[in-house]
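Residue-level structural notes
Given next are the chains, with one letter for each unit.
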Amino acid sequence: GDVALATAVLDAQPRLLAALQEDGYALAKVTGPDASANDETHTIDVVYAVEKGEQLAIGAITFKGLKQVNKSFARRALHLRGGERYRPSRIEEARQSLAGTGVFSGVSVTAAERAAPDGTLPLTFDVEERKRHAVTVAGNYSTDLGISLSATWSHRNLFGNAEQLNLTVAGSGLGTS
């Protein structure tokens, strides 16, 4: 009964695929649309071919790119465990949680192309660690306080679990008598 807008017909395919994947059908495929018009009734029938496959759980979770960060820390930061139903929204939450630790400049996740024999889908989190050290220098001048300077040295991953050590030196009132 809806008006046949091309954008609505075309946008339905990725929405249908996303809904299937969110329900655990990680390897689902949706092709189409195949549309046929009926001039007498002024309607269009739209068909999408769906291969949903089987519902899958998350399988083994591996990490690629870990150097200084402990794997046990990265695993805890995910808030995602093998055996959970495959849901892209949960996997994205886990990716954001890992990225939010402050020790990675990039985090991406890739699912295997095939299910494992046990009915799970392995995931690989590919990370790029940030530089461990950072130096910040700041300065300002005001007519009543004079010159203020500060420098901070930071270690972002002291023991491999995203511990931070910040050492700051600051001075103000410099250049005033």
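As a reminder, the structure under discussion sits directly above these lines.
The structure reproduced in this document is the subject of the present report. All of these numbers come straight from a predicted model, not from anything done at the bench.

All chains considered together, the criterion is met by five salt bridges. Between E93 and R90 there is a salt bridge, with the nearest N and O atoms lying 3.2 Å from each other. Here the residue E93 and the residue R90 both occupy positions in helix α3 (residues 88-99), the gap between them amounting to three residues, near one helical turn. Accessibility expressed as a relative area gives 44% for E93, which makes it partly exposed.

Inspection of the entire model under this criterion finds one aromatic pair. Centre to centre, the rings of F63 and F125 are 6.1 Å apart; their planes meet at 35 degrees, and the pair counts as tilted. Within this pair, whereas F63 is found in strand β3 (residues 57-64), its partner F125 is found in strand β5 (residues 120-129), the two being separated by 62 residues in sequence.

Next up on the list: α3. With 12 residues, α3 extends 16 Å from end C-alpha to end C-alpha; this agrees with the ideal 16 Å at 1.5 Å per step. Among all positions in α3, only R90, I91, A94 and L98 are buried. For α3, the arc enclosing every buried residue in end-on projection is 100 degrees, short of the 170-degree limit, so these residues lie on one face. Looking at the buried positions of α3, the neighbouring elements they touch are β3, α2 (71-78), β4 (104-111) and β5.

Picture the strands of a sheet paired through backbone hydrogen bonds; they go either parallel or antiparallel. Reading across the sheet, the three strands line up as β3-β5-β4 and stay open at both edges, with mixed pairing between neighbours. Whereas interior strands pair on both sides, the edge strands pair on one side only; in this sheet they are β3 and β4. Taking each pair of neighbouring strands and ignoring which way they run, the sheet shows an average axis angle of 20 degrees. By the bridge criterion, six bridges tie β3 to β5 in an arrangement that is parallel. Counterpart to T62 in the pairing with β5 is T124. Relative to the sheet, α2 contacts β3 and β5, its axis offset from that of β3 by approximately 140 degrees.

Criteria and thresholds
Residues numbered from 1 in each chain as written. Predicted model: local features only at pLDDT ≥ 70, side-chain atom pairs only at ≥ 80, totals over all residues. Heavy atoms only, no water. Salt bridge = Lys/Arg side-chain N within 4 Å of Asp/Glu carboxyl O. Helix = DSSP H or I, 4+ residues; strand = E, 2+ residues; numbered from the N terminus. Buried < 20%, exposed > 50% of the residue type's maximum accessible area, 1.4 Å probe, protein only. Phe/Tyr/Trp six-rings, centres within 6.5 Å; stacked < 30°, edge-to-face > 60°. Expected span 1.5 Å × (residues − 1). Arc of directions from axis to C-beta. Contact = heavy atoms within 4.5 Å. Pairing = 2+ DSSP bridges. Axes fitted to C-alpha atoms, helices over the stretch in contact; angles between N-to-C directions.

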